[in-house]
Amino acid sequence: MESREHSCLLFHSPDTEDLAQKIAGTSEKIQLGEITWKQFPDQYPNLFIKDAQSLRNRHVAFLASFHDPALIFEQLSIIYALPRMFVGSFTLVLPFFPTGTAERIEAEGEVATAFTLARILSNIPLSRGGPTALVIFDIHALQERFYFGDTVLPLFESGIPLLKQELQRLSSENEFVIAYPDEGAWKRFHMFFPGYPEVICTKVRDGDKRIVRLKEGNPQGKHVVIVDDLVQSGGTLIECQKLLAAQGAAHVSAYVTHGVFPRESWRRFTADLGDGAQSGFRYFWLTDSCPQTAKAVQGRAPFCILSLANSIAAALEV
C-alpha cells in the first residue's frame, strides 16, 4: 500500500464511476473516495463527503462530467467544498469541456459560454497546496487556456496518442491516411501525425447548405481516418465519409475525443463490416470522456471506446 503522502484520493460524480474504477485499477497510488449523492424534496442536492476529516493534507482529485447542464450545480458544490477541507492539493479532472465550441462572439448580444464556465472554474477555492490543477482533454480551441484565471492551473491533455496506438496496431493490414473535416481540425491536430499522408476537406456554402468538398490530398485506395476533437449530430463526419468513398477510399474510419451525440445521433452511423467505404465507417474510435455515450455505444459497430483511464492516472501522479 502506498503511503498517504504519495497517493491520490479520487472522488467522482455518479456518471463517471466506471471511468473512476478504471483509473483506480491502473495504479496502487490512486484510491477512490466516496460521496453520497441525494436530493432534498425540493430537488436541490443533498450531498455528503464521507470521512471528510481524513482528507487533511491528502492529495485529492475529483472526476467530473458536465455533459448534462442539470448535473453541473451538484458537482460544483463538491468541487468548491473539497479544497476547503485542508487538503494538500486539489485536482479537477474534467475530460470534456462542454462549452468549448461557444468560445467567440460574432455579433453583439451573443454570449461566449466557454468564458463563463472558465470563470466559474477559475474561482475554485485555493487548497493548502495552492491553485487547483485542472485537467481537460482536447479542448475545442487552444486559445481558451487564456479564459482561465491565475487561481487554476489548466493542464491540456489529448486523446490522440490512444488513436496512434490503434493505428500502429493495425498498420500491417492497412495503409492509413489522416483526414481532417476542415482547416481548423488540420491546424489543431496535423502535428500529431508526422509521416502520415493527409487529406483535407473544407466546407463551402451553397445557398443555405454547407457542402463538404475535398481541398487537397488523395484518398484513392487508402484507409482514411477522419480526425476531429468532437462530434455532435455527426452530419459533417457523414458527409466527409460519403465524399471520401466517392473519391475511391478503400475504407473510412473516424476518431473524436468527445462523442457528444445529442438525442442519440450516434444511431446515424452505419458500419463497414468489410464491404468497403460506401457502406459506412470501418471503425469509429472515441474516448469515454462523455460517459453517457460510452455506455450507449459499447459493443455496437462501428464504435470502439478508447479509455482515458491511463492518461488520467498519469496526470494524477504525485
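Higher on the page you've got the structure.
Keep in mind that this is a model prediction, so the values were computed, not measured.

Q: Got a minute to help me understand the nonpolar core in this structure?
A: Side chains of nonpolar character tend, in soluble globular proteins, to be buried together. Grouped together as the largest cluster of nonpolar side chains are 35 residues, with contacts concentrated most on I23, V227, W285, I312 and L316. Counting 31 residues, the second largest nonpolar core, distinct from the first, contains I49, V60, L82 and F90.

Q: Sorry if this is basic, but what is going on with the sheet that holds strand β7 (residues 132-137) here?
A: Strand pairing in a sheet relies on backbone hydrogen bonds. The paired strands run either parallel or antiparallel. The sheet built from six strands is open, its strands ordered β2-β1-β5-β6-β7-β8 with parallel pairing. Strands with a single pairing partner mark the edges of an open sheet, and in this sheet they are β2 (30-32) and β8 (152-157). Direction aside, the axes of adjacent strands within the sheet are offset by 25° on average. Both strand β6 (residues 89-93) and β7 contribute to a ladder of three bridges, which runs parallel. Along β7, the bridge assignment pairs V93 with V135. Running over the sheet, helix α1 (residues 17-26) touches β1 (8-12), β2 and β5 (59-63) and is turned about 145° from β2.

Q: I'm lost on unusual backbone geometry in this one. Help?
A: Across the chain, the bulk of peptide bonds are trans and the bulk of non-glycine residues have phi less than zero. That bond from A301 to P302 is cis: its omega, 10°, falls within 30 degrees of zero. For E264, which is not a glycine, the phi torsion comes out positive at approximately 55°. Among the structural elements, E264 can be located in the loop between β13 (251-259) and β14 (284-287).

Q: Hey, could you run me through the sheet that holds strand β10 (residues 198-206) in this one?
A: Ordered in space as β11-β10-β9-β12-β13-β14-β15, the seven strands form an open sheet in which the pairing is mixed. Sheet topology places β11 (209-216) and β15 (303-306) at the edges, where each strand pairs with a single neighbour. Averaged over all pairs of adjacent strands, the angle between strand axes in this sheet comes to 25°, irrespective of strand direction. As defined by bridge partners, strand β9 (residues 176-180) adjoins β10 across three bridges and the pair is classed as parallel. In the sheet register, I178 faces β10, and the bridge partner there is E198.

What counts as what
Residues numbered from 1 in each chain as written. Predicted model: local features only at pLDDT ≥ 70, side-chain atom pairs only at ≥ 80, totals over all residues. Heavy atoms only, no water. Core = buried A, V, L, I, M, F, W, Y, C linked by side-chain atoms within 4.5 Å. Buried < 20%, exposed > 50% of the residue type's maximum accessible area, 1.4 Å probe, protein only. Pairing = 2+ DSSP bridges. Helix = DSSP H or I, 4+ residues; strand = E, 2+ residues; numbered from the N terminus. Axes fitted to C-alpha atoms, helices over the stretch in contact; angles between N-to-C directions. Contact = heavy atoms within 4.5 Å.

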